There are 2 protein chains.
Amino acid sequence: MGLIVQKFGGSSVRDAERINNVAGIVTGAYMQGNSVVVVVSAQGDTTDDLIEKAAEINPKASKREMDMLLAAGEQMSSALLAMAIERLGFPVISLTGWQAGFLTHSTHGAARIRSIDGERIRKELDSNQIVVVAGFQGVDRFDDITTLGRGGSDTSAVALAAELRADVCKIYTDVDGVYTADPRFVKGAVKLEEITYDEMLELASLGANVLHNRSVEMAKRYHVTLEVLSSLEQKPGTLVKEAVKVEKLLIKGVAKDENVARIAVIGLPDTPGIAFKIFSLLASRKINVDIILQSIGRHNTKDISFTVPLSDKDSALELLHEKFDVIGAERIEADDNVVKVSIVGAGMQSNPGVAAKMFEALYDANINIQMISTSEIKISVLIDRKDGNRALTAVHDAFDFNAGK
Amino acid sequence: MGLIVQKFGGSSVRDAERINNVAGIVTGAYMQGNSVVVVVSAQGDTTDDLIEKAAEINPKASKREMDMLLAAGEQMSSALLAMAIERLGFPVISLTGWQAGFLTHSTHGAARIRSIDGERIRKELDSNQIVVVAGFQGVDRFDDITTLGRGGSDTSAVALAAELRADVCKIYTDVDGVYTADPRFVKGAVKLEEITYDEMLELASLGANVLHNRSVEMAKRYHVTLEVLSSLEQKPGTLVKEAVKVEKLLIKGVAKDENVARIAVIGLPDTPGIAFKIFSLLASRKINVDIILQSIGRHNTKDISFTVPLSDKDSALELLHEKFDVIGAERIEADDNVVKVSIVGAGMQSNPGVAAKMFEALYDANINIQMISTSEIKISVLIDRKDGNRALTAVHDAFDFNAGK
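Notes on the structure follow. Small disclaimer: the values here were computed from a predicted structure and weren't measured. Throughout this description, residue numbers start from 1 for each chain and increase along the sequence as written. Each chain gets a letter, beginning with A, and each ligand a number, beginning with 1, in the order they are written. In view of the model being predicted, local features appear only for residues whose pLDDT reaches at least 70, and side-chain atom pairs are presented and counted only at 80 or more, with totals across whole chains, interfaces and linings using the full set of residues. Calculation of side-chain values draws on the structure's entire complement of heavy atoms; hydrogens and water are dropped beforehand.

Per the convention used, a helix needs a DSSP run of H or I reaching at least four residues, while a strand needs a run of E reaching at least two, with both numbered from the N terminus. Check the secondary structure of chain A and you find 12 helices and 20 strands. Radius of gyration: over C-alpha atoms. The globule rule applied is 2.2 Å multiplied by the number of residues raised to the 0.38 power. Taking 22 Å as the expected radius of gyration for a compact globule of 405 residues, we find that chain A reaches 23 Å, a close match to that expectation. Dimensions of chain A along its principal axes, counting C-alpha atoms only, are 80 × 55 × 35 Å. For every residue, the accessible area (1.4 Å probe, protein chains only) is compared with the maximum for its type, and the residue is labelled buried under 20%, exposed over 50%, or partly exposed between those bounds. Counting only residues that meet the buried cut, chain A has 56% of its 405 residues in that class. What sets the accessible areas is the Shrake-Rupley method with a 1.4 Å probe; for residues, cover comes only from the shown protein chains. About 17600 Å² of surface is accessible on chain A, with carbon and sulfur atoms providing 48% of the total. With 45 positive and 55 negative side-chain charges, chain A shows a spacing of 2 Å between the two charge centroids. None of His or the chain ends enter the tally, which takes Lys and Arg as positive and Asp and Glu as negative. Where a charge lies is defined by one atom per residue type, namely NZ (Lys), CZ (Arg), CG (Asp) and CD (Glu).

Given below as structure tokens:
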């Protein structure tokens, strides 16, 4: 018995059948004596359909009106889910973001949650209602509807779990947990019972695509225990929390990130402050630089290569070409035919054999490493895009994940 | 220059092209120096689609959740219209019912407007914004979303016009005004320049299908001048207001109402209070009885026939059969193979020739009259359903509408 926040994504509520399935999960938890708050995304393709509809009318629609439009998606799915729960004979009420007390900043399309006034939800829980909340949305202090941006429903759920001091925030998705590698590409991938927030953050940012970073960061800050599990199968998922059970498993997972491009600034004068110029320029446009490699070029010059998200490549190049003269480079090259493969696990740094094992696995598979980057809990390599899946499998096979179970 | 409220129905905003057309009308009025508030319905079939979606999940969904679901329809259309207006380069903001200050009673699905707090709209108008308001919806005092029921967007528009003391409330539809008869069925039907509220009320309740009665009643109560006009053609429509210009046109229109059934209670004992028993029974279930005919039956009994809306026929019959013994009738018959044809016009009563002319036209067309009802401004006859359109044309032809122009 406790207070549970459950979150269901768009594919979990994409049609009547799936909504009825979710209603079964929700009422199951309620029948076990729990107070249940459900956060729900828009159905399946609703959000994309609405974006398309808007683009047809005005490709440069204001974000304020886009939020007004898109927020309707979760309003509809939450009402439909409430209806399905009603049909099963349970007391239920659906609430929009503003009804549920989500007050946000005014950055339409990517609003941050300012505070949650949980009074209405608490009142409904006190009268034994199941509460269904439209995720992804809130209102700013002008009473204008805002959205939290893509993946915002996870953030809604975690924020609500923090505000209500829920025992656990269960994130239902179409996978049944966090794996040591993407099971679509790596045959031997193993589901993890537990993972720390930090490891999850590295895996998410590396393209493991299970939870959005914002929600994991928020869960870490407010000590909300997350569980990632399947809405289609009844079995335990993966717990994301601070301290994890001591396991033999040193490496928690192998991830591939395709949203990456390499930019090379060639033939820079060998004077101090050049790297600073380039990276402060990119930072001014909020472009995240990841792996950095500096090397000696010909004729006393140097070359700086770095990776940026593929989605930022064009604006990074535009910016660098604008300031071409200030930088004083010979030329700028870009390559988006790359992919980043990483291994993640706490305490990796204290075990130097890990990196060696990873590089050896890649060598054995005849895969060339272009760049390397390491942190306390991860090792990333940049390789040719075509080698991505092979690298994933080779590295995964090299570490004995099954033994860790 | 003034303050105009414009209302656009679902077919006027059914796709991107229509929405752009509406944006043109709105900005045209704005460019003429007017303050413009636009009330918009959900796009085309959105409401019906949502009702269908809900029925698939829960055919007995609560009205509270239905309102939550359906209100999303106008939220989306108002955002899309605002985007189209943005594209034309005009300042615009869309507001949901609650943002626009619509406070309603809690009767979900058919909520009445309790009050409108026009502060937000006035603030936006003061900063020269075009304001697009989601029609058909509001919130009750628990902050729950309500809808005003079908046709509620007309009511939203008129209520807003009253609150803001607008100069005119323009109701844009897919017809270009109020006609002397339905132009789809009667070739010689003529558009009226003006009509009084009372005449419009009779025409609407008789199935002229242009404006909803609630909105006309509200316009009458708050002295809001309405104009019914086309969203597809630029030409004057029909003004609905208190005093109309003196015209030769005595009869304002001929209407056909197919939502009618005749019920006959046969062989009642000839004792006082029998009619009262029957009609108070029906009134208790809010079933409106229209034309009533009492006649002498066989063996010292009497028969009572009356019409009810076709949609209420089954519940009326059920009710009468429940109380069959109390009423003491021999049997109850029902006939839904009927249709009501009416002529409407102020001052008709003082001109006895009107009724005679109508009955003569029907006689000449060999159409049998089953029942007759008259009021100060209308004469209705019940006839066989198959004769409906012929009767409409025959009666319309008998009165010289073109001469009245």
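Turning our eyes to something else, we now look at the pattern of salt bridges. Each reported salt bridge corresponds to a side-chain nitrogen of Lys or Arg within 4 Å of a carboxyl oxygen of Asp or Glu. On inspection of all chains with the given rule, the structure shows 45 salt bridges over all chains. For the salt bridge of aspartate 154 of chain B with lysine 7 of chain B, the shortest nitrogen-to-oxygen distance reads 2.8 Å. Taken as a pair, aspartate 154 of chain B in helix H5 (residues 152-164) and lysine 7 of chain B in strand E1 (residues 3-8) lie far apart in primary sequence, 147 residues in all. Measuring nitrogen to oxygen at the nearest pair gives 2.8 Å for the salt bridge that ties arginine 122 of chain B to glutamate 163 of chain B. Taken as a pair, arginine 122 of chain B in helix H4 (residues 119-126) and glutamate 163 of chain B in helix H5 lie far apart in primary sequence, 41 residues in all. What you see here is one network of salt bridges that share partners, running through Arg64, Glu65 and Asp144 of chain A together with Arg120 and Glu124 of chain B.

Residues and elements named next belong to chain A. We call Phe, Tyr and Trp rings a pair once their centres come within 6.5 Å, taking the six-membered ring for Trp, and we label the pair stacked below 30 degrees between planes, edge-to-face above 60, and tilted otherwise. Per the counting criterion, the structure on display carries 7 aromatic pairs over all chains. Ring centres of phenylalanine 8 and tyrosine 172 lie 4.5 Å apart, and the angle between their planes is 15°; this geometry places the pair in the stacked category. Of this pair, phenylalanine 8 sits in strand E1 (residues 3-8) while tyrosine 172 sits in strand E9 (residues 168-173), placing them 164 residues apart in sequence. One exposure class covers both phenylalanine 8 and tyrosine 172, and it is buried.

This next bit is on the relation of the copies chain A and chain B. A least-squares fit on C-alpha atoms brings the copies together, and the residues used are those whose pLDDT is at least 70 in both copies. The transformation that overlays chain A on chain B combines an axial shift of 0.0 Å with a rotation of 180°, and the residual RMSD is 0.0 Å. Accordingly, the operation relating the two chain copies is best matched by a two-fold axis. Relative to the rotation axis, the closest C-alpha in chain A is found at alanine 72 of chain A, a distance of 2.5 Å. Contact definition: two residues touch when any of their heavy atoms are within 4.5 Å. When the interface residues of chain A are mapped onto chain B, 100% of them again fall at the interface, so both copies present the same face.

Let's shift gears to the interface of chain A and chain B. Listed as interface residues are 42 residues of chain A and, on the opposing side, 42 residues of chain B. Here the quantity called buried area is the total loss of accessible area, with a 1.4 Å probe, experienced by two parts when brought into contact, counted for both. Buried surface at the junction of chain A and chain B, both sides included, amounts to about 3500 Å², of which 61% is carbon and sulfur. Of all residues in chain A, the largest losses of buried area upon contact with chain B belong to Ile57, Met83 and Trp98 of chain A, amounting jointly to 20% of the total for that side. Connecting chain A to chain B are 2 salt bridges. The residue arginine 120 of chain B makes a salt bridge to aspartate 144 of chain A at a minimum N-O spacing of 2.7 Å.

Residues and elements named next belong to chain B. Topologically, threonine 301 is positioned in strand E16 (residues 301-308). When its relative accessible area of 13% is taken as the criterion, threonine 301 is described as buried. What threonine 301 contacts, discounting residues up to four positions off in sequence, is Gly267, Leu268, Ile296 and Glu330.

Turning next to the packing of helix H1 (residues 16-31) of chain A against helix H3 (residues 63-87) of chain A. Residue and element names in this part refer to chain A. Where H1 contacts H3, the two axes come as close as 9 Å, and the packing angle between them is 65°. Between H1 and H3 lies a crossing whose hand is right-handed. Contacts between H1 and H3 pair Ile19, Asn20, Val22, Ala23, Val26 and Thr27 from the former with Leu80, Leu81, Ala84, Ile85 and Arg87 from the latter. In this classification, the charged set is Asp, Glu, Lys and Arg, the nonpolar set is Ala, Val, Leu, Ile, Met, Phe, Trp, Tyr, Cys and Pro, and all remaining amino acids, among them Gly, are polar. Looking at the contact of H1 with H3, its residues break down into 8 nonpolar, 2 polar and 1 charged. A fitted line through C-alpha atoms serves as each axis, taken over the contacting stretch for helices, and the angle formed by two N-to-C directions is quoted from 0 to 180°. For any helix crossing, the convention is left-handed if the near helix is rotated counterclockwise from the far helix by under a right angle, and right-handed if that rotation is clockwise.

Strand pairing in a sheet takes place through backbone hydrogen bonds and is either antiparallel or parallel in direction. All names here are of chain A. For two strands to pair, DSSP has to find at least two bridges joining them. Spatial ordering of the open sheet is given by E13-E18-E20-E19, a layout of 4 strands whose pairing is antiparallel. Two strands bound the open sheet, and with one partner strand each, they are strand E13 (253-257) and strand E19 (371-375). Between one strand axis and the next, the sheet turns by 20° as a mean value, whatever way the strands run. Inspection of the sheet shows E13 paired to strand E18 (residues 338-344) by 5 bridges, in the antiparallel sense. Each residue of the ladder has a partner; that of alanine 255, found in E18, is serine 342. The sheet contacts of helix H11 (residues 353-364) involve E18, E19 and strand E20 (378-384), and relative to E20 the element is tilted by about 20°.

What follows is about helix H8 (residues 274-284) of chain B. Residues and elements named next belong to chain B. Regarding H8, the residues found buried are Ile274, Ile278, Phe279, Leu281 and Leu282. In an axial view of H8, the angular spread of the buried residues amounts to 150°, which keeps them on one side of the axis. Exposed side of H8, more than 90 degrees from the buried face: Phe276 and Ser284 are the residues found there. Residues of H8 that are buried make contact with strand E14 (261-269), strand E15 (292-296), E16, helix H9 (313-322) and helix H10 (324-327). Following H8 by one or two positions, lysine 286 adopts a phi angle in the positive range, close to 60°. Directions pointing from the helix axis toward each C-beta atom define the arc.

Buried Ala, Val, Leu, Ile, Met, Phe, Trp, Tyr and Cys residues form a nonpolar core when they are joined through side-chain atoms within 4.5 Å. Leu81 and Ile85 of chain A together with Leu81 and Ile85 of chain B are the most contacted members of the largest nonpolar core, which has 86 residues in total. Setting aside residues no more than four positions away along its own chain, leucine 81 of chain A makes contact with Ile19, Val22, Ala23, Val38, Val40 and Val132 of chain A.

Moving on: the sheet that holds strand E15 (residues 292-296) of chain A. Residue and element names in this part refer to chain A. With antiparallel pairing, the 4 strands of this open sheet are ordered in space as E15-E16-E14-E17. Only two strands of the sheet have a single neighbouring strand rather than two, namely E15 and strand E17 (331-335). Each strand axis lies, on average, 15° off the axis of its neighbour in the sheet, ignoring direction. With respect to the sheet, helix H8 (residues 274-284) is in contact with strand E14 (261-269), E15 and strand E16 (301-308), its orientation differing from that of E16 by roughly 25°. Most of the contacts of helix H9 (residues 313-322) go to E14, to which it runs at about 15°, and overall it touches E14, E16 and E17.

All names here are of chain B. Most of E14 sits inside the fold, with 7 of its 9 residues counted as buried. In terms of strand pairing, E14 meets E16 through 7 bridges, oriented antiparallel. Bridge pairing in E16 links alanine 261 to valine 308. Examined bridge by bridge, E14 and strand E17 (residues 331-335) share 5 bridges and lie antiparallel to one another. For isoleucine 266, the partnering residue across the bridge sits in E17 and is arginine 331.

Residue and element names in this part refer to chain A. Patches were defined on residues exceeding 30% relative accessible area and lacking a salt bridge, with like-charge contacts within 9 Å and nonpolar side-chain contacts (Val, Leu, Ile, Met, Phe, Trp, Tyr) within 5 Å. Together, Asp45, Asp49, Glu52 and Glu56 make up a region of like negative charge exposed at the surface. Position of aspartate 49 among the secondary structure elements: in helix H2 (residues 46-57). When its relative accessible area of 45% is taken as the criterion, aspartate 49 is described as partly exposed.

This part takes up the pairing of E1 of chain B. Residues and elements named next belong to chain B. The element E1 is extensively covered by neighbouring structure, given that 6 of its 6 residues are classed as buried. Of the two faces of E1, both are covered, the one formed by Leu3, Val5 and Lys7 as well as the one formed by Ile4, Gln6 and Phe8. When E1 meets strand E2 (residues 35-40), the two strands line up parallel, connected through 6 bridges. Bridge assignment links lysine 7 to a residue of E2, and that residue is valine 39. Chirality of the crossover, the property in question, places the unit of E1, helix H1 (residues 16-31) and E2 among those that are right-handed. Of the pairings in the sheet, the one linking E1 to strand E9 (residues 168-173) comprises 5 bridges and is parallel in character. By the bridge assignment, glutamine 6 is partnered in E9 with lysine 170. Here a crossover is taken to be right-handed if, once the strands point away from the viewer, the path from the first strand over the helix to the second is traced clockwise.

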